[in-house]
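Per-entry structural report
If you want the building blocks of each chain, they are given just below.
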Amino acid sequence: MKKLLVLLLLVVALFFPAQTQAVGLEVTPPEYKVELAKDEKKKGYIDIQNLMGEEVNVKTSVQAFRQTDNNGSLVFFDDKNLQYGILLDLDQFKLGPGETMRMYFMVDGSKLPSGDLFGAIFFTTEPNKVGGVGQSVRLGTLLSITNGTPTGRQAEITRLETNFWQLGGTIKGLYSVRNTSDPEKNIGFYPDVRVSLSPFALERVLDSTLVFAGRERSNDFTLDIGSRFGIYSLKASYGDSSQKKLVFLATGYWLYVVMISLVAVVSFGTYWLIKKRKKRSNMSFGRKSRNIL
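Figured I'd write up the structure that's included with this text. (Residues numbered from 1 in each chain as written. Predicted model: local features only at pLDDT ≥ 70, side-chain atom pairs only at ≥ 80, totals over all residues. Heavy atoms only, no water.)

Read across the sheet, 3 strands follow the order β11-β13-β18 without closing on themselves; strand pairing throughout is antiparallel. Unpaired on one side and paired on the other, β11 (155-162) and β18 (216-224) mark the two borders of the sheet. Strand-to-strand twist in this sheet, taken as the mean axis angle between neighbours without regard to direction, amounts to 25 degrees. Here β11 runs beside strand β13 (residues 170-179); their pairing, made up of 7 bridges, is antiparallel. Looking across to β13, one finds that E161 is bridged to L174. (Pairing = 2+ DSSP bridges. Helix = DSSP H or I, 4+ residues; strand = E, 2+ residues; numbered from the N terminus. Axes fitted to C-alpha atoms, helices over the stretch in contact; angles between N-to-C directions.)

Shown next, in the form of structure tokens:
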């Protein structure tokens, strides 16, 4: 058995030599949100780490992106406006095994169209093929840019889902928001959706995921509600658009009050039934005794 195992290892070493290290880069952060006043410039940086077992050449590039479906899938394409307004410190650089490079970039509002813009800074490897595997890796950081005052943002809430019975300290649910903006006036944005509970108003403003014009995205939410009891109205809204659901809450100390009350009711009901059955049994036994006499 040992000889067979040694032979198998020799065969693997013969036909699969060289490297078994993970091939790739690590890019941090994965996303940047930039807000610019008119003609403002802002500088940022991205850390790129080489996870490969060899030195690599890394080329940089800038592309725009858009969503292609309601799941947030993206397609990337060249855009001269973004390439002109997003300036990179380096066109290319080298990274040794395990090394990290911090690359700076500038977003120039004076060279970009106004409104909401979306792009990515990409890092593409060209590994040294001498003794290596010759694989190419492409990773990037997404950029969400608001240049000046955004216009044309419109959205509607299309769905709100949660359980009617809420017995914890939080309400968990899901809402869907659709971007109804004119694509020529607004590409996309992150709608601020208000989730509220009434009566005894409780409200939270939640940052939704990015949704492009004509697209719809779903978002999970958790609302801390403290100690409450009774039927409440849960509402998700954006502007004049909203969806509502009725929920029954027994949370916090009220949950213990309800549980103790239920135990008391069940116990009393059980005791009353047992007592009633005993009374019927005694009455039946008394009738039988009189018949015998």
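Right, let's talk about the pairing of strand β5 (residues 74-77) for a bit. The sheet contact formed by strand β4 (residues 56-67) and β5 spans 4 bridges and is antiparallel. Bridge assignment links F65 to a residue of β5, and that residue is F76. Two successive antiparallel strands, β4 and β5, enclose a turn made up of 6 residues, where G72 displays a positive phi of approximately 85 degrees.

Estimates place the volume of the largest pocket at around 290 Å³. Along the wall of the largest pocket there are 15 residues; nearest its centre are K33, E35, T146, R153 and Y190. Broken down by secondary-structure element, the contributors of at least two residues to the lining of the largest pocket are β2 (31-36), β9 (115-127) and β10 (138-147). Empty space within the second largest pocket amounts to approximately 180 Å³. As for the second largest pocket, its lining consists of A64, F65, R66, F77, D79, N81, L82, P113, L117, F118, I187 and F212. Of all the elements, β4 adds the most residues to the lining of the second largest pocket, at 3 residues. (1 Å grid on protein atoms, 1.4 Å probe; cavity = no way out; pocket = protein on both sides within 12 Å on 5 of 7 lines; lining within 4 Å. Points joined across faces, edges and corners; volume = space filled by probe spheres on them.)

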